[in-house]
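Architecture at a glance
Residues per chain, in single letters:
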6 protein chains.
Amino acid sequence: MFYHDGGKLQYHVKVDKPDPLFAKALQQAIGGIQGEIRVCLQYLFQAWGSRGPAKYRDMLLETGTEEMAHIEMLATAVALNLEGAPLEQEKAANDPIMRATMGGMNIQHAITTCMAAMPVDASGNPFDCSHVYASGNVAADMLSNAMAESTGRMLAVQLFKMTDDKGMKDMLRFLIARDTMHQNQWMAAWEELGGRDNHPIPNNFPQEEELADYNYTFYTTAKDDSVPPPTGRW
Amino acid sequence: MFYHDGGKLQYHVKVDKPDPLFAKALQQAIGGIQGEIRVCLQYLFQAWGSRGPAKYRDMLLETGTEEMAHIEMLATAVALNLEGAPLEQEKAANDPIMRATMGGMNIQHAITTCMAAMPVDASGNPFDCSHVYASGNVAADMLSNAMAESTGRMLAVQLFKMTDDKGMKDMLRFLIARDTMHQNQWMAAWEELGGRDNHPIPNNFPQEEELADYNYTFYTTAKDDSVPPPTGRW
Amino acid sequence: MFYHDGGKLQYHVKVDKPDPLFAKALQQAIGGIQGEIRVCLQYLFQAWGSRGPAKYRDMLLETGTEEMAHIEMLATAVALNLEGAPLEQEKAANDPIMRATMGGMNIQHAITTCMAAMPVDASGNPFDCSHVYASGNVAADMLSNAMAESTGRMLAVQLFKMTDDKGMKDMLRFLIARDTMHQNQWMAAWEELGGRDNHPIPNNFPQEEELADYNYTFYTTAKDDSVPPPTGRW
Amino acid sequence: MFYHDGGKLQYHVKVDKPDPLFAKALQQAIGGIQGEIRVCLQYLFQAWGSRGPAKYRDMLLETGTEEMAHIEMLATAVALNLEGAPLEQEKAANDPIMRATMGGMNIQHAITTCMAAMPVDASGNPFDCSHVYASGNVAADMLSNAMAESTGRMLAVQLFKMTDDKGMKDMLRFLIARDTMHQNQWMAAWEELGGRDNHPIPNNFPQEEELADYNYTFYTTAKDDSVPPPTGRW
Amino acid sequence: MFYHDGGKLQYHVKVDKPDPLFAKALQQAIGGIQGEIRVCLQYLFQAWGSRGPAKYRDMLLETGTEEMAHIEMLATAVALNLEGAPLEQEKAANDPIMRATMGGMNIQHAITTCMAAMPVDASGNPFDCSHVYASGNVAADMLSNAMAESTGRMLAVQLFKMTDDKGMKDMLRFLIARDTMHQNQWMAAWEELGGRDNHPIPNNFPQEEELADYNYTFYTTAKDDSVPPPTGRW
Amino acid sequence: MFYHDGGKLQYHVKVDKPDPLFAKALQQAIGGIQGEIRVCLQYLFQAWGSRGPAKYRDMLLETGTEEMAHIEMLATAVALNLEGAPLEQEKAANDPIMRATMGGMNIQHAITTCMAAMPVDASGNPFDCSHVYASGNVAADMLSNAMAESTGRMLAVQLFKMTDDKGMKDMLRFLIARDTMHQNQWMAAWEELGGRDNHPIPNNFPQEEELADYNYTFYTTAKDDSVPPPTGRW
Ligand SMILES: [Ca+2]
Ligand SMILES: [Ca+2]
Ligand SMILES: [Ca+2]
Ligand SMILES: [Ca+2]
Ligand SMILES: [Ca+2]
Ligand SMILES: [Ca+2]
């Protein structure tokens, strides 16, 4: 089961200049397909469905639980960025920067949650648990997790470039570092499970059952010879 | 932040006679609108967005964290109910009970997760985080939570009636008991916040701004006098 | 069955200064989870599934039908706020207020509906009928309805604060008044059904079947003693 | 605004032999993309957004309101088909017909609604209001409505063939008749608006702005001459 | 099966002055309900499910394949409109036009895809394949296709009016022309199948099974005589 | 742009004994998250958004186009499995195998599409394009593609085990072989791009910006010392 420490953050979260547009962008890191709800539930459901060696299950529990702390940090960051958001038509009517801010923010932050984070992405789409990938094959799942952390780190880097807020940059330095760790961790687990030699996944299907003319042959779908065949190691 | 204890269950989970149809039904308690993912995220997002007295935030953190343990128990129960599920056409072709079981189970349990739980409901709909209600008004949220626990307890009672498996009945006795506790807990918080006297929510809106002809008057939408007016205390 | 009066509004709707940003915000009151489509369908489906005393069913029909009139009023308000919206890049290119308006509006109002309301929320998410809560337990449903009206009234109050348009403020005064009435109405029905004494819902499940060690005990999920136990009436 | 008559059905609904599988199938007519919620909201939103001649808006209001009565009839039919549904594992364990029925029904009818209809389709997908088509062009909308009624009538015919229940067949005879009427009604409106001569929709766009080489020419996407060109009046 | 020509566009795509707001609007033509993914998959699924005369299936394959080329053109147009988009808070802080642009764009274009198109609509809603209408009745499907092309052409015309970019206007001239062709093509197929005489769809259901009192009668749902009956050819 | 060959299948599709339950399961390979629509659109959107070396874009176009042929094959297989499906209550009333088949099939195959495939998964959930992952980083995308093919191959293997139909087994031998090829192809591309040495993705973010105390350190979230630390290469 699970425990909390009364709301202490894993790493401190400060916002120097609140910006509701940045709050909207940060939502992607909470409820986006590369976000923290996704990795949290993905690792935990993989752990709960695990039938393989205990160490993978243990690691999934460890990191799945850490991801909850990341949602918590980001939810805090969203709320802080919403302080003082312009919410009245009258005031914004003639001030173009205020009007642009009012138009650019997720207006649900003002009218649905009273200035708090939601489990949605930067377009306001609620997170949908069909993105919780858990296949029952631990190697496939490790690949899936490494991929999730790769795109999660890309997102955090984009957010880092977008903001010039010292507090936000500091929080993102932390989250990017954790993404580095987790990305490497899942790649290491995948390697330990055989890495490339474990493919094709699932590796317990007898390949003599496959049609041998088709499993190691590149078939072009080019219309005709006018399209040069692609080259590469594949 | 959050912690785990290595996968110990809050209460033991046993299944005497696995039944994939019951596994499908149990999914409602995981990923249904009355399920544990919903209350877990709802209480935590309310906590993270909380701007009111610390004690409500603390309670939300406490119980939100407990709900994770309930997802864990139910995911375990689903996996146990899937043991030995009939997955081959040939075997099921002439045995009507096996055929009915194969047809009645969530076939994704067999082909998508290798016999593990998913964050979906009993119809296979993935949980969608728009059901995470967090309004920023603590009294409204307490009502919302009491309602979620009420329907959650109704669901658990229906599942209890559906099964004759001793292990499953025992697990449900535990979960129903916790639903009782949580339901009462949120009602108590709502009462502490003023209960009926706190309504209409939000209670800081000056009611003289409302149109006084319409806020305490029942208007019938009946077509004509042939429909008798409803009676009651409202 | 149902009837109409040729499109008369329940209360008049005027807009003094159209504002497409406000049109976007108003959409939450139509297609949001606290909006009028939700309460309309929720009350009607509860009525249609009702197996209890006729008076609750009657009231649900009465008010469910009234909610249709609220969708109608809000759809009218959205269309009126879209009059004269800036839709051409060229004109908006150098006028920051116009550019901010063009960027802040729901662009689908211009390119999908020709300046009319849609059954979506303020982020453009289509209303999804999984939010139509109808549990079959009339007390749980009354709580659910009171909650829906509470958050609906909160939304209307936020919209009231956001706008300085006299016509819109007048319409919202009406809708807030009706939310007050409906909120109180469902709370009264819940009280008539036993109120707190009717809990835990469902109240026909023999509580001796619950595990007695768990149904009236608060269990902390705090990591350790460093987290002070929450206090309160629960 | 809208009115009700206290729950009288537009046409009587009887079920001779309840069948929970048929209840599941009937849900498609309530919450499916061809179902009654869709046409109800579609006609009403078209009416509310109407800026053209009043008679189309009037007709949309008339028929949109009638569709509510169809949801009401079908919700009643679903509830009646759920009477006596097998809900206990023990009883169904050894009786293959009962087991097949338990597996084939929408189990949410038992555990989520206590034997009442839901706003979902036959696969349990909640109705999603993105299917409420309202383009602002009355001719396009009439086509859209004729299409919705065509597929709605196809669905009703399939349901008629599926059941041998006298009561259900009678109800479907009524609904199919209304689909005939409505399908013809929207086609007539489309004809009145110019029919084929009104196309291409929208007909107020100056066609000289189109690239003249491409708007009346069929371009094949066949790979090469081995695929014979399609023939027809287009 | 299918083939490509190495990424040649069906018609050239140029953007003179990139505009991320227009990129957001263009997304509707890719992933909106009137967009190219929808018609592409709709025509192909209709073709693959076709059991009628080969020529309709052939035409569906031809045009379904062409629609892929339209997605390709629009995806290219979105990417070109995103060149140079303002992505840094600091720069946008004091420049109202830049701030309005940053707020008005789909921020996921910056943080999720690195300036590329997504299969979403102008509000950022992912395309959902429930909009792929394929009923198995070829006449109903032709009506559905004509409707899809009608609203698709309306959308393209709105986009044409919105932009003053010469390159974009040229691309839209092409797409509008193709919409004209396709719209007429499906109407012609519908006519060939009997047109109005083929209705009511499905036309193989014996109409004597319908209740004869209800299939050619207009029933008003007006509350009373105060609402004048609608007039028209229906 | 794209081309077709008049509907020739990439590999022949035969069904010896139609089975509507297997048709339902096959839908996962069409519209599931591991299915062919997903990989088709994913590869094509990655190609269309590609800003890197042409060869990756070329390969994505090649294989994205091939995946369309797989949807086509599977749609054919679904339709063939639906031949002769039991659709009438009367016939199924007393025959348990027929009743189980009727209950176990996707009833929408009968009442919505007239026995044709839909773009949905095995639970009837429509495919949702948020699963089209395209991050703009080619290495992350290759990982994402390898993962999609891994779980796609797992699915095909489960379907292979489920069926004893000779024709279906043959088709799956082909599809599994292609999954092997594609899985290896994307892994090879990932290796060519640097493989493990390219991580953490994105590799152009200066790692000195990360907080150095957190990016290569494992932090346990275990409650206390009673949980043994996980071991492994990470
Ligand atoms: Ca993280
Ligand atoms: Ca619980
Ligand atoms: Ca209302
Ligand atoms: Ca109807
Ligand atoms: Ca097109
Ligand atoms: Ca494939």
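We now turn to the structure provided with this report. (Residues numbered from 1 in each chain as written. Chains lettered and ligands numbered in written order. Predicted model: local features only at pLDDT ≥ 70, side-chain atom pairs only at ≥ 80, totals over all residues. Heavy atoms only, no water.)

1. With respect to the coordination of the calcium ion (ligand 5)
All names here are of chain E. Here the calcium ion (ligand 5) is held by Glu-36 (OE), Glu-36 (OE), Glu-67 (OE) and His-70 (ND1), and the distances to it run 2.3 to 2.8 Å. All donors of the calcium ion (ligand 5) come from a single chain, and their spacing in sequence reads E-x30-E-x2-H. Here Glu-36, found in helix α2 (residues 36–49), pairs with His-70, found in helix α3 (residues 54–81); they are 34 residues apart in sequence, far enough to count as distant. The pair Glu-36 / His-70 is uniform in exposure class, with both members buried. (Donors = N, O, S within 2.8 Å, 3.2 Å for Na, K, Ca; no water. Helix = DSSP H or I, 4+ residues; strand = E, 2+ residues; numbered from the N terminus. Buried < 20%, exposed > 50% of the residue type's maximum accessible area, 1.4 Å probe, protein only.)

2. Some points on the interface of chain F and chain D
Size of an interface: often given as the accessible area lost when the parts come together. With 31 residues of chain F at the contact, the number on the chain D side is 31 residues. Both faces combined, the contact of chain F with chain D buries some 2,300 Å², and carbon together with sulfur accounts for 56% of it. When the area that chain F buries against chain D is broken down by residue, the three leading residues are Gln89(F), Arg99(F) and Ile111(F), summing to 31%. Viewed at the interface, chain D and chain F are joined by one salt bridge. Elements supplying a minimum of two residues to the side of chain F that touches chain D: β1 (2–4), α4 (89–92), α5 (96–104) and α6 (108–111) of chain F. Partitioning the side of chain F that touches chain D into residue classes produces 14 nonpolar, 11 polar and six charged. (Contact = heavy atoms within 4.5 Å. Buried area = accessible area lost by both parts, 1.4 Å probe. Salt bridge = Lys/Arg side-chain N within 4 Å of Asp/Glu carboxyl O. Nonpolar A, V, L, I, M, F, W, Y, C, P; charged D, E, K, R; others polar.)

3. Considerations on the coordination of the calcium ion (ligand 4)
Residues and elements named next belong to chain D. At 2.2 to 2.8 Å from the calcium ion (ligand 4) lie its protein donor atoms, namely Glu-36 (OE), Glu-36 (OE), Glu-67 (OE) and His-70 (ND1). Mapped onto the sequence, the residues coordinating the calcium ion (ligand 4) show the spacing E-x30-E-x2-H. Of the two residues, Glu-36 sits in helix α2 (residues 36–49) while Glu-67 sits in helix α3 (residues 54–81), which places them 31 residues apart along the sequence. Overall, Glu-67 belongs to the buried group, its relative accessible area being 0%.

4. Quick notes on the layout of surface pockets
Space inside the second largest pocket adds up to approximately 720 Å³. Every residue lining the second largest pocket is counted, 36 residues in all, and those nearest its centre are Cys114(C), Ser135(D), Gly136(D), Met154(E) and Gln158(E). Taken together, the elements giving at least two residues each to the lining of the second largest pocket come down to α6 (108–111) of chain C, α2, α3 and α7 (138–162) of chain D together with α7 (138–162) of chain E. The element that contributes the greatest number of residues to the lining of the second largest pocket is α7(E), accounting for five residues. Of the residues contributing to the lining of the second largest pocket, the split by class is 20 nonpolar, 11 polar and five charged. (1 Å grid on protein atoms, 1.4 Å probe; cavity = no way out; pocket = protein on both sides within 12 Å on 5 of 7 lines; lining within 4 Å. Points joined across faces, edges and corners; volume = space filled by probe spheres on them.)

5. Quick word on the environment of Ala69(B)
Mapped onto the elements, Ala69(B) comes out in helix α3 (residues 54–81). When the C-alpha atoms of Ala69(B) and Glu36(B) are compared, they prove to be 9.0 Å apart, with 33 residues separating the residues in sequence. Dropping the residues within four chain positions of it, Ala69(B) is found in contact with Met1(A), Phe2(A) and Gln10(B).

6. With respect to the interface of chain E and chain D
Facing the 71 residues of chain E at the interface are 71 residues of chain D. Surface buried jointly by chain E and chain D totals about 6,900 Å² across both partners, of which 64% is contributed by carbon and sulfur atoms. Summed over the shared surface of chain E and chain D, the result is six salt bridges. For Glu210(E), the salt bridge is made with Arg153(D), and the minimal N-O distance between the two is 2.5 Å. Between the two partners, chain E and chain D, sit 37 residue pairs in polar contact (both at pLDDT 80 or more). For the side of chain E that touches chain D, the secondary structure elements donating two or more residues are α3, α7 and α8 (166–192) of chain E. (Polar contact = N/O pair within 3.5 Å; in protein donor to acceptor, adjacent residues only side chain to side chain.)

7. Focus: the pattern of salt bridges
Residue and element names in this part refer to chain A. Tallied over the full model, the rule gives 66 salt bridges over all chains. Close ionic contact of Arg-178 with Glu-66 constitutes a salt bridge, the shortest N to O distance being 2.7 Å. Taken together, the residues span a long stretch of sequence, with Arg-178 in helix α8 (residues 166–192) and Glu-66 in helix α3 (residues 54–81) at a distance of 112 residues. One exposure class covers both Arg-178 and Glu-66, and it is buried.

Geometric descriptors of this kind do not, in isolation, establish any biological role.
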